[in-house]
2 protein chains.
Amino acid sequence: MNQPAQIRHALSTKRQDDFAQWYQEVISEAEMAEESGVRGCMVIKPWGYGIWERIQRRMDDRIKAAGVQNCYFPLFIPLSYFAKEADHVEGFAKEMAVVTHHRLIAGENGGLVPDPTAKLEEPLIVRPTSETVIGAAMARWVQSWRDLPLMTNQWANVVRWEMRTRMFLRTSEFLWQEGHTAHADRDDAMEETLRALEMYRDFAETELAMPVVAGEKPENERFPGAVATYSIEAMMQDGKALQAGTSHYLGTGFAQAAGIQYQDKEGAQQYAHTTSWGTSTRMIGGLIMTHGDDDGLRVPPIVAPHQIVVLPMLRDNAEDEALLAYCAELTKSLTGLSAFGEPVRVLLDKRPGKATQKRWAWVKKGVPLVLEIGGRDAANGQVSVLRRDRLWNEAAKANFQALSKDEFVSRAVADLEAVQTALFAEAKDRRDAQIAQVDSFDALAAFFSEDKRYPGWAEVVWSRPTGAELESVVQRLKALKLTIRNTPLGGEPVSGVCVFTGAPAVERIYVARSY
Amino acid sequence: MNQPAQIRHALSTKRQDDFAQWYQEVISEAEMAEESGVRGCMVIKPWGYGIWERIQRRMDDRIKAAGVQNCYFPLFIPLSYFAKEADHVEGFAKEMAVVTHHRLIAGENGGLVPDPTAKLEEPLIVRPTSETVIGAAMARWVQSWRDLPLMTNQWANVVRWEMRTRMFLRTSEFLWQEGHTAHADRDDAMEETLRALEMYRDFAETELAMPVVAGEKPENERFPGAVATYSIEAMMQDGKALQAGTSHYLGTGFAQAAGIQYQDKEGAQQYAHTTSWGTSTRMIGGLIMTHGDDDGLRVPPIVAPHQIVVLPMLRDNAEDEALLAYCAELTKSLTGLSAFGEPVRVLLDKRPGKATQKRWAWVKKGVPLVLEIGGRDAANGQVSVLRRDRLWNEAAKANFQALSKDEFVSRAVADLEAVQTALFAEAKDRRDAQIAQVDSFDALAAFFSEDKRYPGWAEVVWSRPTGAELESVVQRLKALKLTIRNTPLGGEPVSGVCVFTGAPAVERIYVARSY
């Protein structure tokens, strides 16, 4: 329905020319989402939502496999719940949507207005995150050490009133999963925090084919109220970093605020140690900026709503019937296959319209394998295969190849696996090539000098300053529009001196521009 | 974690004594949900949410099979969107949660208050239903007759500020799916309205084993703004009716309000005809009051989070190891089976604790098949099977039977199917026995006289009065705490006179007390 009136076989913007504009154009041309008319909120359209459904299904399987149980908690959180954790409310107060009334009445001008007689005694906050309301439930559920660990997750919408929004990356309302767990001690809670982080790392690299760095955020980037915050950071094609998932060790702060106490084996009352971890529709923005090319989106097969599209080149003549029968049989045999542990998702596109125009629509959407089939192919038992892990125009020459139907069916699963692998390899090579080791602040500034369009990330060693010393580092970086992304886990020991303080370096960090 | 300190093998309330109290006790004892502390909102716990996940998965399969595409639309709806459809906003204004601010600041008393400088120019409504915001999107998406029918669905949370709430049945926030479609003409839209209704009827009876009557609601019970509203009505064990799903033909009213216009084949501009249809977590309340018994919940196998629980009677001695190995092997062979088109869901309950206490916990949760296995069973290659389609105490005698492991594995799927069938048959027999045909208003009043505890439904014929005449009928019924449920579709032609107006009867209706 959103086909342009005239057929276009290229996006109007290339990544090199205007990455931000290209991003918006891909979302629009691939029919993933659009502005809703409600400030800061988007409408997620079938192709975008279909990718989210695939992400949900695969992530939920991993969450359940870890013994975490799904629940559902209220959308509204009483203001007083937030007030109990000072850092937490401080961090979110500036972007909270506040419900103050529960009824409308006719106003003077005849229009409807909030009913003054239906003002809430206590304002309700539309959840920006659910630590406080889930903490209140945990306080009811946890009495004894036998009740621990308590591991819950919910799939929900949350609201953070963002001033500058961008589809999928930063919207006032977004969809996510938030895991919340309670444990007997720090070690067990930290183990869960890192388990969730590793689950996210593996999910990003396996399901999304998006290489990431898993590490700890610096003190100034911690989740409000957290003792330690970890993230996975992905590099977009413009060299900027995208935080694609976070996991927090919350210590006993939220447990004390909510009263999550348990009786230990010796009969003493103890506060639980809690964690929280989340990923959101933001991952789809990361997917676009990791795999999209100048022909639009490319979707990793594991999360593609359709992995294969069968496209008969209908002619509105007598041959169409035989062609459709051939395509239906092909579709049936492909649907019987299994890839990545699930049945292969195949669409037979029988809609009317020019095949070239329909092909371009699927190319822009990034369907991994498009099979074009004309009357002659059907007669000869052949298919023409387009593999969407490279630019369409290249693919048209190099890879738009004729195969016998049986040969294609026998290799379809391997081809899907190959596309998944190729997308990851391409992204990883690009990222690794755009990370530079820099050994002084001047070199850092030079690396990010304006003449370089998409510089990438700088890897530096530092002395892990805290407090005021860290704040001055943050300000110096801010002047260059830079942020500290994270300290990668499991890195080699470092030597040398901190590029910021000159003190002996203790660890490696990544510095970059970011979304 | 919510096990009572002492072992109890009966609920404290029986259905006959206090149905409302029994309902609350089942929800609590089966650990399905609890009050959240946020007014009118509940926490859905793992067992309750697991049932919802099964309902979602199966309903979503049906929705997709009908060619409907999932999208996601904003939680917030500008007040002005509602104002465009007068009846619609009139119907919901009394129960709308209104967002008026997007920031908090410290108030005089030091506490946080909504920031007066962050007041929204236009209040935002937390969606009670999404016709208006989805209509605005459809107006962008529909230009030509080629774009129709346009069929979308979303899984979402909605908020209706209810004054009297009851878990699952009536909560301020609830979870649902809402289908929204646009069509070229009335016939196509009405066909979709009835298709969705039939999907709900078949889902309720097949998946939930809950017999329902599909029919049209009377004029006074229409969805605000609808031209015609259809419902499925189920009878609870206390004889009351529960509306378990609705489907609406909206005419062109919402299309005119939102500007959903298309160019027809002759080139003329036409308004689309729209529909909407929804089912919610309310179905879980219906499931409880349809299948629950004095031992707690009974879950139809198709929607049971665990269809089979394997319960080793651990003794904390040397035999446990062999027993657990036996149970693990049994669990593995059962997990390999397929029932109702999906892998059988089996849980091996290895938790510490008394087997009798653990058994009772699963009985209360309504797991269809519980296998108790002691050391001797393991040695003899046997299992003891409890089928939860009858009262536990009966089942203990009649059906807590010893079988060889191989025999049980070979019949497990048939047993699950038998439980599903038995629950439906029991509910249908009960419902049919509690429907009485009544031929006068006095007889109607007598049928619902106070001395009868759970009277059921009355089936009467009426002349389908409208306007003021209908309103007087509604008031006479209201005096008896009665409502008109619906006019069943596809009934026999009727004769006789209307029990309300004395005019010639034109159709059959059901009259009942309701939730």
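Owing to the predicted nature of the structure, the values given are computational and were not obtained by experimental measurement.

S.K.: I'm lost on the overall build of chain A in this one. Help?
M.R.: Of regular secondary structure, chain A possesses 15 helices and 28 strands. Principal axes of the C-alpha set define a box for chain A whose edges measure 80 × 65 × 55 Å. Counting only residues that meet the buried cut, chain A has 60% of its 515 residues in that class. Taking contacts inside chain A between residues at least 6 apart in sequence as the whole, the part at least 24 apart equals 69%. With the model as given, the accessible surface of chain A reaches about 19800 Å², and the carbon-plus-sulfur share is 50%. In chain A, 59 side chains carry a positive charge and 69 a negative one; their mean positions are 4 Å apart.

S.K.: Any chance you could explain the pattern of salt bridges here in plain terms?
M.R.: Oppositely charged side chains can form a pair if their charged atoms are brought close together. Residue and element names in this part refer to chain A. Throughout the structure, instances matching the rule amount to 78 salt bridges over all chains. E207 is the partner of R62 in a salt bridge, and the nearest nitrogen-oxygen pair spans 2.9 Å. Here E207 lies in the loop between helix 6 (186-206) and strand 11 (212-216) and R62 lies in helix 2 (residues 46-65), a separation of 145 residues in the sequence. Since its relative accessible area comes to 3%, E207 is described here as buried.

S.K.: Sorry if this is basic, but what is going on with the packing of aromatic side chains here?
M.R.: Each aromatic ring pair is summarised here by two numbers: the centre-to-centre distance and the angle between the ring planes. One pass over the full model with this rule turns up 26 aromatic pairs over all chains. Relative to Y454 of chain A, the ring of F19 of chain A lies with its centre 6.0 Å away and its plane at 70°, an arrangement referred to as edge-to-face. With F19 of chain A in helix 1 (residues 19-29) and Y454 of chain A in the loop between helix 14 (441-447) and strand 25 (457-462), this pair connects stretches of sequence that are 435 residues apart. For Y454 of chain A, a relative accessible area of 17% gives the class buried. Each ring, one from W52 of chain B and one from W155 of chain B, has its centre 5.9 Å from the other, and the planes form 75°; the classification is edge-to-face. In this pair, W52 of chain B sits in helix 2 (residues 46-65) while W155 of chain B sits in strand 9 (residues 150-159), placing the two residues 103 residues apart along the sequence. Each of the two residues, W52 of chain B as well as W155 of chain B, counts as buried. Directly above the ring of W362 of chain A sits K365 of chain A, whose terminal nitrogen or CZ lies 5.8 Å from the centroid. Sitting over the ring of W277 of chain B, R195 of chain B keeps its end group 5.5 Å from the ring centre.

S.K.: Would you take a moment to explain the interface of chain B and chain A for this structure?
M.R.: Accessible area lost when the parts come together is the quantity often used to give the size of an interface. Between chain B and chain A, the contact holds 61 residues from the first and 61 residues from the second. Where chain B abuts chain A, roughly 5400 Å² becomes buried across the two surfaces, and 65% of that area is made up of carbon and sulfur atoms. In this structure, the connection of chain B to chain A is made through four salt bridges. Here K64 of chain B ties to E53 of chain A by a salt bridge, and the two come within 3.0 Å at their closest N and O atoms. Run the count over chain B and chain A and you get 26 residue pairs in polar contact (both at pLDDT 80 or more). It is helix 2 of chain B that provides the largest number of residues to the side of chain B that touches chain A, a total of six residues. Taken together, the residues of the side of chain B that touches chain A break down into 38 nonpolar, nine polar and 14 charged.

S.K.: Hey, could you run me through the relation of the copies chain B and chain A in this one?
M.R.: Note: a rotation about an axis with an accompanying shift along it relates these two copies of the chain. Note on the copies: chain B fits chain A at an RMSD of 0.0 Å, the axial shift is 0.0 Å, and the rotation between them is 180°. On the angle and the small slide along the axis, the relation comes out as a two-fold axis. Within chain B, V99 of chain B has its C-alpha nearest the rotation axis, a separation of 2.1 Å. When the interface residues of chain B are mapped onto chain A, 100% of them are again interface residues, pointing to one common binding face.

S.K.: Could you clarify how one ought to interpret the confidence of the model for chain A in this entry?
M.R.: Note: predicted coordinates in regions of low pLDDT should not be interpreted at a detailed level. Residues and elements named next belong to chain A. Averaged over every residue, the pLDDT of chain A is 94; the share at 70 or more is 97%. When the criterion is pLDDT under 50, residues 1-8 qualifies, and its contacts beyond four places in sequence or with other chains add up to 16 contacts. Predicted complex, confidence summary: ipTM 0.96, pTM 0.96.

S.K.: In this structure, what is going on with the UniProt feature "domain: Aminoacyl-transfer RNA synthetases class-II family profile" (unreviewed entry) in chain A? I would like to understand it.
M.R.: Here the UniProt feature "domain: Aminoacyl-transfer RNA synthetases class-II family profile" (unreviewed entry) sits at residues 31-300 of chain A. Annotated as 30% helix and 32% strand, the span residues 31-300 of chain A places its first and last C-alpha atoms 17 Å apart.

S.K.: Any chance you could explain the domain arrangement of chain A here in plain terms?
M.R.: In terms of domain boundaries, chain A breaks down into domain 1 (19-98 + 130-291), domain 2 (306-418) and domain 3 (435-512). Of note, the centres of domain 2 of chain A and domain 3 of chain A, computed from C-alpha atoms alone, are 48 Å apart.

S.K.: Before we go on, may I ask you to explain the packing of helix 9 (residues 319-335) of chain B against helix 13 (residues 405-433) of chain B in this structure?
M.R.: For any two helices packed against each other, the geometry comes down to the angle between their axes and how far apart the axes lie. Residues and elements named next belong to chain B. Here helix 9 crosses helix 13 at 25°, and the two axes come no closer than 10 Å. Overall, the two elements helix 9 and helix 13 adopt an arrangement that is roughly parallel. The two elements helix 9 and helix 13 meet at a crossing, and its hand is right-handed. Touching Y326, E329, L330, S333 and L334 of helix 9 are K405, F408, V409 and A412, all from helix 13.

S.K.: In this structure, what is going on with the side chain of D115 of chain B? I would like to understand it.
M.R.: Residues and elements named next belong to chain B. By the element assignment, D115 lies in the loop between strand 7 (112-114) and strand 8 (119-126). A residue is classified by how much of its surface remains accessible, and D115, at 4% relative accessible area, is buried. In this structure the side chain of D115 is engaged in a polar contact, spanning 2.7 Å, whose partner is the side chain of T117. In this structure, D115 is in contact with H101, R103, L104 and I105, ignoring residues within four places of it in sequence.

S.K.: Got a minute to help me understand the nonpolar core in this structure?
M.R.: Grouped burial of nonpolar side chains is what soluble globular proteins tend to show. Formed by 86 residues in total, the largest nonpolar core has its most connected members in F76, V99 and V126 of chain A together with F76, V99 and V126 of chain B. In this structure, F76 of chain B is in contact with V38, A97, V126, V159 and W161 of chain A together with V99, L124, I125 and V126 of chain B, ignoring residues within four places of it in sequence.

S.K.: Teacher, can you tell me more about the packing of helix 2 of chain B against helix 6 (residues 186-206) of chain B here?
M.R.: Residues and elements named next belong to chain B. Interhelical geometry of helix 2 versus helix 6 gives an angle of 145° and a closest axis separation of 11 Å. Along this stretch, helix 2 crosses helix 6, giving a crossing that reads as right-handed. For the pair helix 2 and helix 6, contact is made by I55, R58, M59, R62 and I63 and by M199, Y200, D202, F203 and T206, respectively. Residues of the contact of helix 2 with helix 6, tallied by class, amount to six nonpolar, one polar and three charged.

S.K.: Before we go on, may I ask you to explain the sheet that holds strand 17 (residues 308-312) of chain B in this structure?
M.R.: Through backbone hydrogen bonds, the strands of a sheet pair up, either in parallel or in antiparallel fashion. Residues and elements named next belong to chain B. Judged by pairing direction, the sheet is mixed, and its five strands sit side by side in the order 20-17-21-22-23 without closing on themselves. The open sheet is flanked by strand 20 (346-348) and strand 23 (401-404), the only strands paired with a single partner. In this sheet, adjacent strand axes meet at a mean angle of 30° when their direction is disregarded. Across five bridges, the pairing between strand 17 and strand 21 (residues 369-373) is parallel. Bridge pairing in strand 21 links I308 to L369. Contacting strand 17, strand 20, strand 21 and strand 22 (382-387), helix 10 (residues 355-365) runs over the sheet at an angle of about 170° to strand 17. Against the sheet, helix 13 makes contact with strand 17, strand 21, strand 22 and strand 23, and its axis sits at roughly 130° relative to strand 23, the strand it touches most.

S.K.: Even after reading the chapter, I still don't get the pairing of strand 22 of chain B, so can you show me in this structure?
M.R.: Every other side chain in a regular strand lies on the same face of the sheet, so the side chains alternate between the two faces. Residue and element names in this part refer to chain B. With respect to burial, strand 22 is a largely interior element, five of its six residues being buried. Pairing of strand 21 with strand 22, which is carried by four bridges, proceeds in the antiparallel orientation. Following the sheet pairing, L369 is matched in strand 22 by R387. Of the pairings in the sheet, the one linking strand 22 to strand 23 comprises four bridges and is antiparallel in character. Paired with S384 across the two strands is A402, which belongs to strand 23.

S.K.: Just checking my understanding: could you explain the side chain of T290 of chain A for this structure?
M.R.: Residues and elements named next belong to chain A. Residue placement: T290 occurs in helix 8 (residues 282-291). Given a relative accessible area of 1%, T290 falls into the buried group. For T290, the side chain forms a polar contact with the main-chain oxygen of G286, separated by 2.6 Å. Those residues within four positions of T290 in sequence are excluded, and the remaining contacts are A209, M210, M235, M236, Q237, A427 and R430.

S.K.: Where do I start with the pairing of strand 21 (residues 369-373) of chain A in this structure?
M.R.: Counting buried residues in strand 21 of chain A gives five out of five residues, a clear majority hidden from the surface. In strand 21 of chain A, alternate side chains face the same way, and those of L369, L371 and I373 of chain A on one face and V370 and E372 of chain A on the other are all buried.

S.K.: Where do I start with the sheet that holds strand 27 (residues 487-488) of chain B in this structure?
M.R.: All names here are of chain B. Within the open sheet, the eight strands sit side by side as 3-9-10-16-13-12-11-27. Their pairing is mixed. Two strands close off the open sheet at either side, each with one partner strand: strand 3 (69-70) and strand 27. Along the sheet, helix 8 (residues 282-291) contacts strand 12 (228-235), strand 13 (241-249) and strand 16 (273-280); its crossing angle with strand 13, the most-contacted strand, is approximately 145°.

What counts, and at which threshold
- Residues numbered from 1 in each chain as written.
- Chains lettered and ligands numbered in written order.
- Predicted model: local features only at pLDDT ≥ 70, side-chain atom pairs only at ≥ 80, totals over all residues.
- Heavy atoms only, no water.
- Helix = DSSP H or I, 4+ residues; strand = E, 2+ residues; numbered from the N terminus.
- Buried < 20%, exposed > 50% of the residue type's maximum accessible area, 1.4 Å probe, protein only.
- Contact = heavy atoms within 4.5 Å.
- Areas by Shrake-Rupley, 256 points an atom, 1.4 Å probe, with all protein chains shown as cover.
- Lys, Arg positive; Asp, Glu negative; His and termini not counted.
- Charge placed at Lys NZ, Arg CZ, Asp CG, Glu CD.
- Salt bridge = Lys/Arg side-chain N within 4 Å of Asp/Glu carboxyl O.
- Phe/Tyr/Trp six-rings, centres within 6.5 Å; stacked < 30°, edge-to-face > 60°.
- Lys NZ or Arg CZ within 6 Å of the ring centre and 35° of its normal.
- Buried area = accessible area lost by both parts, 1.4 Å probe.
- Polar contact = N/O pair within 3.5 Å; in protein donor to acceptor, adjacent residues only side chain to side chain.
- Nonpolar A, V, L, I, M, F, W, Y, C, P; charged D, E, K, R; others polar.
- Least-squares fit on C-alpha atoms with pLDDT ≥ 70 in both.
- pLDDT = per-residue confidence, 0-100.
- UniProt positions renumbered as here; feature names shortened; annotations may be inferred.
- Domains from an automatic or database assignment.
- Axes fitted to C-alpha atoms, helices over the stretch in contact; angles between N-to-C directions.
- Parallel < 35°, antiparallel > 145°, perpendicular 65-115°, else oblique.
- Left-handed = near helix turned anticlockwise from the far one by under 90°.
- Core = buried A, V, L, I, M, F, W, Y, C linked by side-chain atoms within 4.5 Å.
- Pairing = 2+ DSSP bridges.

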